[in-house]
Amino acid sequence: MMGETVVVLHRAKKGEDSMGDPVWEWEPTVVENVLVRPLSSADMSGGSDALRPERTMSGYSLAFPKTYAGKPLRGARVVLVERGMDGAEDALRIEGEPDVTRPCPTMWNMTARAVRSDG
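Predicted model only: the values in this text are computed from it and were never measured. (Residues numbered from 1 in each chain as written. Predicted model: local features only at pLDDT ≥ 70, side-chain atom pairs only at ≥ 80, totals over all residues. Heavy atoms only, no water.)

Enquirer: Even after reading the chapter, I still don't get the overall build of the chain, so can you show me in this structure?
Expert: What the chain contains, in helices and strands, is 0 helices and 6 strands. Across the chain, helices and strands are ordered from the amino to the carboxyl terminus as β-β-β-β-β-β. Considering the chain as a whole, with its 119 residues, one finds that 35% of them fall into the buried category. (Helix = DSSP H or I, 4+ residues; strand = E, 2+ residues; numbered from the N terminus. Buried < 20%, exposed > 50% of the residue type's maximum accessible area, 1.4 Å probe, protein only.)

Enquirer: Which parts of the structure should I look at to understand the environment of Arg83?
Expert: Assignment of secondary structure puts Arg83 in the loop between strand S4 (77-80) and strand S5 (92-100). Given the relative accessible area of 37%, Arg83 is considered partly exposed. Filtering out sequence-adjacent residues up to four positions away, Arg83 remains in contact with Glu4, Val36, Pro38 and Tyr60. Polar contacts involving the side chain of Arg83 include one to the main-chain carbonyl oxygen of Val36, which spans 3.4 Å. (Contact = heavy atoms within 4.5 Å. Polar contact = N/O pair within 3.5 Å; in protein donor to acceptor, adjacent residues only side chain to side chain.)

Enquirer: What exactly am I supposed to notice about the packing of aromatic side chains here?
Expert: Describing an aromatic ring pair means giving the distance of the ring centres and the angle of the ring planes. Counted according to the given criterion, the structure contains 1 aromatic pair. An angle of 55 degrees between the planes, with centres 5.4 Å apart, marks the rings of Phe64 and Tyr68 as tilted. Tyr68 carries the same exposure label as Phe64, and that label is buried. Sitting over the ring of Trp24, Arg11 keeps its end group 4.0 Å from the ring centre. (Phe/Tyr/Trp six-rings, centres within 6.5 Å; stacked < 30°, edge-to-face > 60°. Lys NZ or Arg CZ within 6 Å of the ring centre and 35° of its normal.)

Enquirer: In this structure, what is going on with the nonpolar core? I would like to understand it.
Expert: Most often, soluble globular proteins keep nonpolar side chains buried together rather than apart. Counting 24 residues, the largest nonpolar core has Val6, Val8, Leu62, Phe64, Leu73, Leu80 and Ile94 as its most contacted members. Contributions of two or more residues to this core are made by strand S1 (4-16), strand S2 (22-38), strand S3 (56-65), S4, S5 and strand S6 (108-118). (Core = buried A, V, L, I, M, F, W, Y, C linked by side-chain atoms within 4.5 Å.)

Enquirer: Whenever I open this one, the pattern of salt bridges confuses me. Can you help?
Expert: Two side chains bearing opposite charge may form a pair once their charged atoms approach each other closely. Following the criterion strictly, the structure yields 6 salt bridges and no others. Among the charged side chains, a salt-bridge network with shared partners connects Lys14, Glu27 and Lys71. (Salt bridge = Lys/Arg side-chain N within 4 Å of Asp/Glu carboxyl O.)

Enquirer: How do you make sense of the environment of Met85 when you look at a structure like this?
Expert: For Met85, the position within the fold is in the loop between S4 and S5. Its relative accessible area of 13% is what places Met85 among the buried residues. C-alpha separation for the pair Met85 and Val6, spaced 79 residues apart in sequence, amounts to 9.5 Å. Other than its neighbours up to four places away in sequence, Met85 contacts Tyr60, Val78, Val79, Leu80, Asp90, Leu92 and Arg116.

Okay, here's the thing in structure tokens:
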């Protein structure tokens, strides 16, 4: 089984502007061999559809390989490169805390949910 290439984005402070406000940028980490599975609408949370009837939600379950040694995924964003996403504007938000399985008999030991809500 082969996974996809994704880019994990973490927000990092890169300095301050002339008014003393922080300047933030996204630090990318390329991760190979991530298993990507679309979530059904029943699998996604996000509040009542009655409050935002025009919104669309997309979500994926991501299984990260044991070799992932990047920063923790909580609060990160993920770009699904092989599915046509490009940059932080298209990125999905990691929802909650990833689930780590120990011991794990497969190559993938961490599962995270990534979602995006438009509208």
